[in-house]
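Working through the structure, step by step
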Amino acid sequence: MELAKQLLSLAKKRVHPTVLGTKPLSCNGHSAVLFENRILVLKKGSKSDDQIWFLEVDTEYVRQQRKKLGTEVVAWSKGVIGNAEKPIVISGPSGVGKGTLISMLMKEFPSMFGFSVSHTTRAPRNMEKDGVHYHFTEKSVMEKEIKSGKFLEFASVHGNLYGTSVEAVEVVADAGKRCILDIDVQGARSVRASSLEAIFIFVCPPSMEELEKRLRDRGTETEEQILKRLRNAQAEIEQGKSSNIFDFILYNDNLEECYDRLKKLLGLDGFVATSPKSAAPREINLPTDHSVSKIDDKIIISCISSGLDKESKNSIMLDVSSLKGGAPGRTRGLDFQVIGSMDQLS
Ligand code: ADP
Ligand code: 5GP
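In short, a report on the structure. What you see is a predicted model; the values in this text were computed from it and never measured. (Residues numbered from 1 in each chain as written. Chains lettered and ligands numbered in written order. Predicted model: local features only at pLDDT ≥ 70, side-chain atom pairs only at ≥ 80, totals over all residues. Heavy atoms only, no water.)

Time to look at the site of ligand 2. Residues in contact with ligand 2 amount to 18 residues; listed here are only the nearest, Ser 118, Arg 122, Tyr 134, Tyr 162 and Asp 182. Glu 153 is positioned with one of its side-chain polar atoms (N or O) 2.7 Å from a nitrogen atom of ligand 2. Side-chain polar atom of Tyr 162 to an oxygen atom of ligand 2: 2.5 Å apart, as the coordinates give it. Starting from 510 Å² of accessible surface for ligand 2 in isolation, the protein chains cover 96%. The set of elements that each furnish at least two residues to the shell around ligand 2 consists of strand 10 (151-157) and strand 11 (160-165). Its residues assigned to classes, the shell around ligand 2 comprises five nonpolar, six polar and seven charged. (Near = heavy atom within 4 Å. Polar contact = N/O pair within 3.5 Å; in protein donor to acceptor, adjacent residues only side chain to side chain. Areas by Shrake-Rupley, 256 points an atom, 1.4 Å probe, with all protein chains shown as cover. Helix = DSSP H or I, 4+ residues; strand = E, 2+ residues; numbered from the N terminus. Nonpolar A, V, L, I, M, F, W, Y, C, P; charged D, E, K, R; others polar.)

Here you go:
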């Protein structure tokens, strides 16, 4: 009821809020229902992975953005049936072996993990491909995109901008894979403070001498860049070890042993790599012409067309009791049950 009052007051004042998030594409009508601090919007006649949307009106994210922007704000978030596994955030000083460990994990478990492709303003290295290792971008473009709310987190690292877009993480989860983020300590802190629940791992070198050797042997940076990265490494290691951001600290001395420890903490020791990938997201088929009502934390979507076949006359009970995430990313944790046609119920 509070939300209804708030919406009415906005409408009376003719306030046009700033709309954040990716908007749903237009469709042949929709139904909607007020639900706690957001509006559930069900699109009619859309594809099964594009039917459920939330327009957040007074969630934590919206309140934060309202304060930050100084205007009224609403935010779109796409609804997804089922949950995604917690993403894994890996941080550590440059040259410690994060990329090497991530590559080993993705090679052994290709259908289980997906990499969050960050944006960066630094120049590509020889073997790096745009869209695979990073989205290489211009500073002015990235700054504009940061303002528009495209990024889950961003930071200035070793003199360049780096950032994780909301979409980079969500596309991995949409594919039914567990997302791995390779980001610096500032980025890890921002993710910790966001609505994204993740596991945080900090990778430490055995010594500063060994870190320097690895950076030099990699041969991808100029002398000036190597010195800058080494200067920053000391502070990163101190923060990584002492802050409350990280759940695990891994020492990367012997690579194989470190990789084994990584697999163990992810519950993958003894895991057969050829196992089928995690269950594909369940799909929901909403009746094209429907009405929607709310009973506690269940949404009843009832078919209102006559003369359709039995399957399309089915009603659906959408369970919104365990929602996770939300704007600026997807709203996950939805569940549903087909409850037969309303004729059968009456
Ligand atoms: P990061 O992604 O953390 O910057 P990389 O994965 O690129 O680091 O590793 C830096 C260099 O160190 C690479 O040349 C890599 O082959 C090497 N390396 C990684 N782990 C080890 C290790 N445990 N022992 C020796 N060399 C390593
Ligand atoms: P590199 O230039 O060696 O690829 O990365 C330099 C540093 O930037 C590494 O510490 C890496 O973890 C960090 N980094 C890469 N992508 C991101 C990102 O999206 N956000 C943040 N905050 N740091 C990133």
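Before going further, it helps to spend a moment on helix 8 (residues 223-242). Here helix 8 is 20 residues long and its end C-alpha atoms lie 29 Å apart, about the 28 Å a rise of 1.5 Å per residue gives. The axis of helix 8 is deflected most strongly, by about 30°, at Ala 233. The set of residues buried in helix 8 consists of Ile 226, Arg 229, Leu 230, Ala 233, Glu 236, Ile 237 and Gly 240. Contact partners of the buried residues in helix 8: strand 11, helix 6 (185-193), strand 13 (199-204), helix 7 (208-218) and strand 14 (248-251). (Expected span 1.5 Å × (residues − 1). Bend = angle between axes of the 7 residues up to and from the residue. Buried < 20%, exposed > 50% of the residue type's maximum accessible area, 1.4 Å probe, protein only. Contact = heavy atoms within 4.5 Å.)

Before going further, it helps to examine the pattern of salt bridges. Per the counting criterion, the structure on display carries 28 salt bridges. For Asp 58, the salt bridge is made with Arg 66, and the minimal N-O distance between the two is 3.3 Å. Residue class for Asp 58 comes out buried when judged on its relative accessible area of 19%. The closest approach of N and O atoms between Glu 221 and Arg 218, which form a salt bridge, is 3.1 Å. (Salt bridge = Lys/Arg side-chain N within 4 Å of Asp/Glu carboxyl O.)

Reading across from one edge, 7-12-6-13-14 is the order of the five strands in this open sheet, with parallel pairing throughout. Sheet topology places strand 7 (113-115) and strand 14 at the edges, where each strand pairs with a single neighbour. Between one strand axis and the next, the sheet turns through 25° on average, direction left out of account. Strand direction decides the pairing type here: strand 6 (residues 88-91) and strand 13, joined by four bridges, are parallel. Bridged to Ile 88 within strand 13 is Ile 199. On the sheet, helix 5 (residues 166-174) packs against strand 7 and strand 12 (178-182) and is oriented at approximately 150° with respect to strand 12. Relative to strand 14, helix 9 (residues 255-265) is tilted by about 160°, and along the sheet it contacts strand 13 and strand 14. (Pairing = 2+ DSSP bridges. Axes fitted to C-alpha atoms, helices over the stretch in contact; angles between N-to-C directions.)

Attention shifts here to the site of ligand 1. Residues in contact with ligand 1 amount to 14 residues; listed here are only the nearest, Gly 95, Gly 99, Thr 100, Arg 218 and Asn 252. Measuring from an oxygen atom of ligand 1, one finds a backbone N or O atom of Gly 97 at 3.0 Å. Between ligand 1 and Lys 98 there is a distance of 2.9 Å, counted from an oxygen atom to a side-chain nitrogen or oxygen. Elements represented by at least two residues in the shell around ligand 1 include exactly helix 3 (98-108) and helix 7. Grouping the constituent residues of the shell around ligand 1 by class yields three nonpolar, six polar and five charged.

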